[in-house]
Structures are given as C-alpha cells and as structure tokens.
Amino acid sequence: MVQTNGSCCSVKVSVREKYDAIAQNRLDSGYCMVDDIDYQSKSGYYDEADLGLGCGSPVDHADLKESEKVLDLGSGAGLDAMIASPLVGKTGVVQGVDISPLMVRRAQRNAANTSIENVSFMEGDIEHIPFGDSSFDVVISNCTLNLVPDQAKVFAEIARVLRPHGRFVISDVVTVGDPDPALLRRAEEIAGCVAGAAEMNAYLDMITSSGFLNVEVVRFRPMKIVDHQDGLASVTIRAHRSS
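None of these values were measured; they are calculated from a predicted model.

Engineer: So what's going on with the overall build of the protein? Residues and values would help.
Structural biologist: The helix and strand tally for the protein stands at 6 helices and 8 strands. Written out in order from the N terminus, the α and β elements of the protein read α-β-α-β-α-β-β-α-β-α-β-α-β-β. Against the 2.2 N^0.38 benchmark of 18 Å for 243 residues, the protein shows a C-alpha radius of gyration of 17 Å, consistent with a compact globule. Viewed in the frame of its principal axes, the protein has a C-alpha envelope of about 50 × 45 × 35 Å. Contacts in the protein between residues far apart in sequence, at least 24 positions, make up 76% of those at least 6 positions apart. About 10,900 Å² of surface is accessible on the protein, with carbon and sulfur atoms providing 50% of the total. Charged side chains in the protein number 22 positive and 34 negative. The centres of these two groups are separated by 4 Å.

Engineer: Break down the side chain of serine 85 for me, with residues and values.
Structural biologist: Its location among the elements puts serine 85 in helix H2 (residues 79–88). Look past the residues within four positions of serine 85 in its chain and what remains in contact with it is Val94, Ile116, Asn118 and Val119.

Engineer: Any details on the pattern of salt bridges? Residues and values, ideally.
Structural biologist: If you walk through the whole model with that rule in mind, you get 10 salt bridges. Measuring nitrogen to oxygen at the nearest pair gives 3.6 Å for the salt bridge that ties arginine 106 to glutamate 48. One end of the pair, arginine 106, is in helix H3 (residues 101–112); the other, glutamate 48, is in the loop between helix H1 (5–23) and strand E1 (69–73), and 58 residues separate them in sequence. Here arginine 106 falls in the buried class, since its relative accessible area comes to 6%. A residue is classified by how much of its surface remains accessible, and glutamate 48, at 39% relative accessible area, is partly exposed. For aspartate 133, the salt bridge goes to arginine 160, with nearest N and O atoms at 3.0 Å. Of this pair, aspartate 133 sits in the loop between strand E3 (119–123) and strand E4 (136–142) while arginine 160 sits in helix H4 (residues 151–161), placing them 27 residues apart in sequence. Of the residues examined, arginine 160 reaches a relative accessible area of 24% and is grouped as partly exposed.

Engineer: Kindly report on a nonpolar patch on the surface, identifying the contributing residues and their values.
Structural biologist: Together, Val176, Val217 and Phe220 give the surface a local cluster of nonpolar side chains, amounting to about 210 Å² of exposed area. Of note, valine 176 is situated in the loop between strand E5 (162–175) and helix H5 (181–191).

Engineer: So what's going on with the pairing of E5? Residues and values would help.
Structural biologist: Within a regular beta strand, the side chains point alternately toward one face of the sheet and then the other, so they alternate between its two faces. In terms of burial, E5 is largely enclosed, as 11 of its 14 residues are buried. Sheet topology places E5 next to strand E8 (residues 232–241); 9 bridges connect them, and they run antiparallel. By the bridge assignment for E8, valine 169 is matched with arginine 238. Taken together, E5, H5 and strand E6 (residues 198–199) form a β-α-β motif whose crossover is right-handed.

Engineer: Go over the side chain of serine 171 with me, naming the residues and quoting the values.
Structural biologist: Inspection of the secondary structure puts serine 171 in strand E5. Only 2.8 Å separates the side chain of serine 171 from the side chain of threonine 236, close enough to count as a polar contact. For serine 171, the residues in contact, after removing those within four places along its chain, are Cys55, Gly56, Ser57, Pro58, Ser141, Asn142, Cys143, Thr144, Val235 and Thr236.

Engineer: Before we move on, can you summarise the nonpolar core with the specific residues and values?
Structural biologist: Formed by 47 residues in total, the largest nonpolar core has its most connected members in Leu64, Val173, Val194, Ile225 and Leu232. Elements with a contribution of two residues or more to this core: H1, H2, H3, E3, E4, E5 and H5. Looking at this core, the element that brings in the most residues is H2, giving 6 residues. Residues Ile129, Leu145, Phe155 and Phe212 belong to the second largest nonpolar core, which totals 29 residues.

Engineer: An account of unusual backbone geometry is needed here, citing residue identities and associated values.
Structural biologist: At serine 134, a residue that is not glycine, the phi angle is positive and equals roughly 55°. Along the polypeptide, serine 134 turns up in the loop between E3 and E4. Take serine 134: its relative accessible area is 29%, and that puts it in the partly exposed class. In the Ramachandran plot, asparagine 214 falls in the positive-phi region, its phi being about 55° despite a non-glycine side chain. Here asparagine 214 lies in strand E7 (residues 212–223).

Engineer: Please provide a residue-by-residue account of the environment of glutamate 216, values included.
Structural biologist: By the element assignment, glutamate 216 lies in strand E7. The contacts of glutamate 216, once residues within four sequence positions are left out, are Thr236, Ile237 and Arg238.

Calculation notes
- Residues numbered from 1 in each chain as written.
- Predicted model: local features only at pLDDT ≥ 70, side-chain atom pairs only at ≥ 80, totals over all residues.
- Heavy atoms only, no water.
- Helix = DSSP H or I, 4+ residues; strand = E, 2+ residues; numbered from the N terminus.
- Rg over C-alpha atoms; globule rule 2.2 N^0.38 Å.
- Contact = heavy atoms within 4.5 Å.
- Areas by Shrake-Rupley, 256 points an atom, 1.4 Å probe, with all protein chains shown as cover.
- Lys, Arg positive; Asp, Glu negative; His and termini not counted.
- Charge placed at Lys NZ, Arg CZ, Asp CG, Glu CD.
- Salt bridge = Lys/Arg side-chain N within 4 Å of Asp/Glu carboxyl O.
- Buried < 20%, exposed > 50% of the residue type's maximum accessible area, 1.4 Å probe, protein only.
- Patch = residues over 30% accessible without salt bridge, like charges linked within 9 Å, V, L, I, M, F, W, Y side chains within 5 Å.
- Pairing = 2+ DSSP bridges.
- Right-handed = clockwise from strand over helix to strand, strands pointing away.
- Polar contact = N/O pair within 3.5 Å; in protein donor to acceptor, adjacent residues only side chain to side chain.
- Core = buried A, V, L, I, M, F, W, Y, C linked by side-chain atoms within 4.5 Å.

Written as structure tokens, this is what we have:
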C-alpha cells in the first residue's frame, strides 16, 4: 500500500502513543502471539521485560557468537536483547532501538535491574536507523516491521547497517492466501498489530529485492485470532547480506 507522508507520520504517532501507554501499564498489550514459546527457560530472561508483544523468538535462529554486535529493531521492554546478551558474551554488544521513548526507558530500567552490562537501548526510527554503515554483525526484530509504513525502507536500512555477509533474523506477522478483509479487521481489533501485515510472498520478494541472499523461512505458524480462516501467520525469516 502506498502511504503519503502525512499518513506515514500518523501511523508512527499512533504506534508511539500505543507503546508508550503499554510501557506505563496504562494499556494492556493485548493478544499474545507467543504462547507456544518457552521464553522463561532462556538465559537472560527477565520477567519485567516480557510484555507478550512478540510473535516468535528470533534469537533462537540467529546462531549468535561471542563478540558479535547485535541490533534489535523495535526492542520494546528489552526481552530479546536481554536473551541475546549472554550469547554474545562480555565482549559482544546488543543495541536496542525503539520508537517509543517510554518503552526505551523501561528497557533501560530493566537492564539496570539485572547484571547485564553489554546491552543498551535508545530511541530511534527504524526507517532511519541511527547507526553508520556496516555497524553490526546481526540484526534481529520481533513483530515490529508489520507496524512500519515503509517496510522496504527498513530492509534497505538493515542492509546498510549490516557488515558484509552479516545476517538478520526477523519474526513478523504476514498474510497468506486471500484472507477476508472483514476477518482481518476483526483480528486487528483483537490483536492490534496486524493491520500492516504484508502478503508473505511479497514480503519475501521485498527482502530479495533489497539485496539479501539465502532468504529462508525458518519458522512458520498459522495464527488463529478470530478463526482458522484469518489468513494470518507468524513467520521467522533469516537472510544474509551480500558482500
């Protein structure tokens, strides 16, 4: 869908306001899309960072290594970043970026309340990632790109900030087949984060068009928010930047 500058700004303001409210516990995070993932057993798990906002577990598929630099887009209260922390070790770095200033503050507070020292969080727009070229080995994201007006711009930015042969692992919500628009509207009313979901094949084509190689769907799970004909799925996708 083509967005005007005005509608893009409106979407971002709405997302920022919603997640500011969630960060302050003024708004329930809504429908939980990760009830099949045992986050609690993962090293680095911190209960106050788990707001049930994800739709997958990208760290599980990122093959993180000691000393790597990781960027978490839409880092929320810090859960995925904190789980990534022990995997990259004391010489590694995990940097979270989120559009919600109050969510960033909550993530910073969560990190400060633990012994984690290699994780930091900052406010930023992931359509304009606030880091230089070739800054990171790995980019992760969990149920965030479907909230962004220009997803192609985000993939271009991911390619820019990744080092040559770097990789990303993204969990997101997509549509599959030809879902009933009425069901999608009802699903959005319940879950509040599916309105921007792209069609799965178009999503994969967008990634390839952004110059990524070895594009692979490593996890696919049909979602049932209203009923089995919603036409929504949770996917986790892995790809590598070319040289």
